[in-house]
Amino acid sequence: MWRAGRAPSWRPAARPAARPAARLCSSKTPPTPRPQAEKQRRRREREEAILSRPRRAADGEAVKWRERQPVVYAAQTPAGAKKDTSGLLPASYCPDYVESSWYQWWEKEGFFGPEQQERLPHRVDQTFALCIPPPNVTGSLHLGHALTVAVEDALVRWRRMQGYRVLWVPGCDHAGIATQTVVERRLLRDGGKRRRDFTRKQFLREVWKWKNETGEEIYHQLRRLGASLDWSRACFTMDPAFSRAVTEAFVRLSDSGLLYRSEALVNWSCALESAISDIEVDSQELCGTTMLSVPGYEAQVEFGTMLTFAYPLEGHEGEVAVSTTRPETMLGDVAIAVHPDDPRYQAVQGKQCRHPFTHRLLPIITDPMVDMQLGTGAVKVTPAHDHTDFLLSQKHALPRLTVIGGDGTMTPPCGQWLEGVKRFDARQLVVEALVEKRLFRGKESHAMTLPVCSRSGDIIEPLLKKQWFVSCEEMAQKAIQVVEDGQLEIIPHYYTKTWNNWLSNISDWCISRQLWWGHQIPAYQVEFPHSTDKQEEQWVWGRSEDEARQRAAVKYGVKPEDITLTQDPDVLDTWFSSGIFPFAMLGWPEQTTDLQRFYPVSILETGSDLIFFWVARMVMLGTELTGQLPFRQVLLHSMVRDGHGRKMSKSLGNVIDPLDVIHGVSLERLQEKVKEGNLPPREQLVAMEAQSRDFPRGIPQCGTDALRLALCSHKMQGEDISLSIAQVLSCRHFCNKMWQTLRFTLGVLGDNTAPVTTLEETGAASSLDRWLCSRLRSTVVQCERALEAYELHAATAALHAFWVHSLCDVYVEHVKAVLLHQGGSEVEHVRARQVSCSILFHCVSTSLALLAPFMPFITEELWQRLQPLGPGPGPGAQTTLCLQPYPRSSQLAHWWFPEEERDFQLVQEVMRVARSLRAQCGLTKEKPAMWAVCSPSQARVLLHFGPAVWSLSRVSSLHIYCPDGAEQAGLHPTPPPPGSLIGVVDHTCQLHLHIQTSALQQELKSIDEQLEGLLQNTDSQ
C-alpha cells in the first residue's frame, strides 16, 4: 500500500480536510515512515558529502602508485601446455607475466575435477562439494561476485590440497526477465522489431542465438579470477537435462498438493507485461513531489503527492474524504473501512457512499484491522490494486474490480472516458473530473516509497492475476526445525534469528511469469468438445503433453482423444529453477553417480542478501523433493560497499568490475561506463564525482592474486566490507615482497654447494633457526584453525605476518649475515650455511603452499621455480602446487620451540628501539655499540640470541649490564657511559647509545648544511 500520511475523514460537505491518513494493521507490519526517512536522509547526506566537499589534493592520495614497464611472458607456450619457468626471474613482480598460461594448463590437465583425487597418494576418504551461486547469463561480474569466487575457491583449493574428493560446479542462470529484456532491446535497435512481431518459437531462436554469442563472457571472467571449477560439469539452467529436472519438480510438487493455481495480487511490471519477484522490486525513496521518467511516457510523471477527495454519503448530508497517492485507482474502490469501536464513525457504520463516476454504492464497513489511533481512522478499500485491501476483501467478501490492465491502460469498467487511457495519463483526467464535480479537497507534497521494477525501470502496479503458487507454510516449518535441531548450521549464527523470523511469516510463492524465455509451465488447461459449461478452469500437469492427457482422462473419466489441452503460456520464476540447483546440477531426478556421491553438497556459500530468495527456497525444495537437506552448512558473507559506505549497485553507478582492478582502467573509461548505465542525471553526477575523488588517476593494475587476497583479508562474518583500491594495491606490494624474497632465495640456493635436506631431516642449529621454525609451525596451526572455522581473514593475516615480519624482516636479514661468514670457524660456517639454506627453502616452500588457496597464480609461478633447488620429489609430490599436500602442523612437530617464540618477542622490541635510536642520531650506515640495561632473565634471552640481536639491531656489539649485580657469563661489568641516548624497551629494560661528541657535532653540522640548502632553494623559487 503506497498511500499513507493523510487519510479519509468523515465530515459535513465543504469542510476542508486537515488530518493525516489512517493505515490498516496487518499481520505483516509494513516498515514505518521513520526508518524509511532515516535511510533516505543518510543516503542524501552521503551524496551531499560527495558533491559539496571541496576537492583537495589529498583526494585519492591513499592510492599511491606509479606506472611500471610491463613484463611480458614471451616464451612460445602452446595453449594448455605447462608454462616454461626455466628462464630468469624478472626483476620485479608483474601480474601479466605471472598469470599467463597457468590456468589453461590447470584446466587442460584436469586438476579441477574430482577424478584427480584418485591419483593422490595423500587422498582421504572424504568429499567436499559445492555449487557456485549461478550468475545471470546477461550480466558481468562485480566485486560482490569476486568476493564469492575468492572465498569459495580458497575453500575448494584448500580441501583439494588436503586430499578430499572435491567438486565445484560452475553454472549460469537463464535470467528470464533480464535476458528477454536484453534481446528485445537488441531486436528493436537492430531491426526495429518488437517481441510480438515474432512467433514464440522465432523469438526463442533469437534468444538462443544471443546466448550462444555472448553467454560465455561470465565463464571467461570466472577463469580470469582463477576459479578452479570443474568445467566439464558446467550447468546452464535451460539445458535439456536441467529443464527436465524443473518439469519433474513442478509435477512432484503438484502431485503433493504443494502447488496450486489461484487468483491473487502480484507485483506487475506493465512495461514487461509480467509479474516479477520481490527481489526484482527496488524501493525508491521520495522526499516529496518528484518528477520521474516512466517507460512508455514522453513527459515525466509526478509522484510524491497526496491528493484528497470526497465521497458523498448516500441519502444523508455529509461526505467521507479520503487521501491517496494513486487517484487513478479510485475507480476500483469498493468500500470504506473504519474501526468498529471508533466513536467518530458510530453514526455512519453500515451506511453507504456513492461513487461519483461509476455510481456504485460503497459500503462503510467496520474491521479491527483499521488503526483508529492513526489519522482520521477511515480508509478507502481497493482490493484489486492494493495488497492490504485485498486481505480486507477476503474477510468481508468484497468484490475486486480490476481497473488497470496488464498493459498499463485503464479497463472497460472505468467507463468510456477512461478506457484504454494509460494509467498515469488517467491520473490527471481523474483529478480534473473530481475538480469539476467539486469533490477535490486538496493536494500536498508527501514522502513515500515507490516500488520500481529493477529490470525495466517501470513503476510496479499491484494487479490481480490467476497464477501458480507454491504453498510454503509446511515446508517453511521444516526449514526452521532443521536449524533448531542442528541438522543445518547457518554461519554466522546470528542469522538464525533472521531465518526463523522470515520463515515464520512466509507467504505463498507466486511462480508464474508472463514471459517467453524460461521454463514453460508444464500445466495444461483441459477443454472438452461440445462443452458449454462455463465452470471453473480445469487443469492437469505432466512431464509431457501425452502424460498430461492420460492424467486428464483418468481424472475426468473421458477418452484421451476427446480432450483438448492448452499448455499454460507462462514460464516459471527463475528462482524456482535456481532453487533446485544443488541437486539438478548433479543429474536429478536420475540417480546418477554424481548425485549419489556428492549430494547433499558440503556447504553453500553466498551473500547474506540471498538468505530468503535463494537459500531458504533451496532448503525447502531440496528437502521436499529429495528427502534430504541440500547442504549441511550455509556460510553467508557480508555485503561489499564503496569507500563512501554506499551499497555497490548499478542504480548508483558505483559498481566496480573486478577485471578493471585486475588489469587497471583509466578514470575516463570508468566514467564512460557510468554514462552507458542510463542513470538519472543526479545519480550520474554523484557517481562520476565519487569516481573523480576516489580514482583521480584511474585504477592501477593490481592483478588477480592481489584482488583475491584483499577480499579474503576482510572479516566475512561481520560488518559490511568497505573495500578500497588502496587495500588491493597494498596486496600487490605484498606480491612484490614475495617475488623479491624468491629472487633472494633462488640466489642463495643456487650458490649453495650442499644439497637441501628434507623437511624431516632439517633441524634447527641456532636459536634464531629454532625461532623461525617454530613461528612457521604456529602459522600452520593458525591457518588450520582459521580455515576450519571459515575465518579466512585470520588465515591471511597470519600468513602475511609470517612472510613479512618473520621471514623477511628477521630471518632473511639474519641469513645475509650468515652468508658473509661473520665470525666462527669455517666448519661452523659451512654447517650454519647448509642449515640456513634448508630452513629457508622449507619455510618459503611451505608458505607458498599455505598461500596457494588465496593466491593461486603467483604461488604456482614461484613454487615451480623453487622446487628444482629442493631435496627432490618426495612421496606424494605433484607436478602442480594445486595438488600438493596442504601443510599440516603434525609434519612440523619437530619444529616446535614455544620458549624461543616467547623469548624472541623481547628481541624484536630491542631491535625496534635500537633502530629508532640509530635513526634519531642519523646513523644510517654506521653500526655503533650499544648497552642494554636489563633484568637477569632478560639478559639470558639477549645472550641466547646474541649474534642475531647484533645483526638485526644493526649494532657492532651489545653490552648487557644487570644493575642488580647478577653474575652471569657474557655480562658487561660496568654500566653504560653517562650522557648516552636512552631508549625504553619496557619497565625493566633500556637501551643506551653513546655517541662521541665529535661525531655528534659532525652529524649536526651536516643537518644544518642540508637545512640551509633547502632554505636557499625555497628562496630562489
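Above this text sits the structure in question.
Each chain has its residues counted from 1, running along the sequence as written. Per-residue local features of the predicted model are confined to residues with pLDDT of at least 70, and side-chain atom pairs are confined, for both listing and counting, to 80 or more; whole-chain, interface and lining totals are unaffected and use all residues. Each side-chain value is derived from all of the structure's non-hydrogen atoms; neither hydrogens nor water enter the calculation.

**Digging into the packing of aromatic side chains**
Inference 1: Two aromatic rings, drawn from Phe, Tyr or Trp (for Trp, its six-membered ring), form a pair once their centres lie within 6.5 Å of each other, and the interplanar angle then sorts them: stacked below 30 degrees, edge-to-face above 60, tilted otherwise. Scanning all chains against the criterion turns up 31 aromatic pairs.
Inference 2: For the pair W509 and F576, a centre-to-centre distance of 6.0 Å together with 45° between the ring planes defines the contact as tilted. Here W509 is found in strand β21 (residues 509-510), whereas its partner F576 is found in helix α14 (residues 574-579), with 67 residues between them in sequence. Each member of the pair, W509 as well as F576, is classed as buried.
Inference 3: When the centroid spacing of 6.5 Å and the interplanar angle of 40° are considered together, the rings of W575 and F613 count as tilted. Only DSSP runs of H or I reaching four residues or more are called helices, and only runs of E reaching two or more are called strands; each is numbered from the N terminus. Exposure classes here rest on a 1.4 Å probe applied to the protein chains alone. A residue is buried below 20% of its type maximum, exposed above 50%, and partly exposed in between.

**Digging into the pattern of salt bridges**
Inference 1: Only one rule defines a salt bridge in this text: a Lys or Arg side-chain nitrogen within 4 Å of an Asp or Glu carboxyl oxygen. In this structure the tally under the stated criterion is 48 salt bridges.
Inference 2: For E788, the salt bridge is made with R159, and the minimal N-O distance between the two is 3.5 Å. You can see E788 sitting in helix α23 (residues 767-788) and its partner R159 sitting in helix α4 (residues 143-161), a full 629 residues away along the chain.
Inference 3: Residue R159 is classed as buried on the basis of its relative accessible area of 8%.
Inference 4: The shortest N-O distance in the salt bridge between E545 and R549 comes to 3.2 Å. Highlighted residues: E545 and R549, both in helix α13 (residues 545-556), separated by four residues, approximately one helical turn.
Inference 5: You can call E545 partly exposed: its relative accessible area is 38%.

**Thoughts on the environment of A969**
Inference 1: Residue placement: A969 occurs in the loop between β32 (957-961) and β33 (981-986).
Inference 2: Judged by relative accessible area, which is 72%, A969 ranks as exposed.
Inference 3: When the C-alpha atoms of A969 and L943 are compared, they prove to be 9.0 Å apart, with 26 residues separating the residues in sequence.

**Here's the deal with the pairing of strand β12 (residues 319-324)**
Inference 1: Among the six residues of β12, six are classified as buried, and the element is accordingly described as predominantly covered.
Inference 2: Residue alternation in β12 divides its side chains into two sets, E319, A321 and S323 and V320, V322 and T324, and both sets are buried.
Inference 3: Where strand β11 (residues 305-312) meets β12, six bridges bridge the pair, whose relative direction is antiparallel. From the neighbouring strand, A310 faces β12, where its bridge partner is A321.
Inference 4: Here β11 folds back onto β12 in antiparallel fashion, the turn holding six residues, of which G315 has a positive phi close to 75°. The pairing criterion for strands is at least two bridges between them, as found by DSSP.

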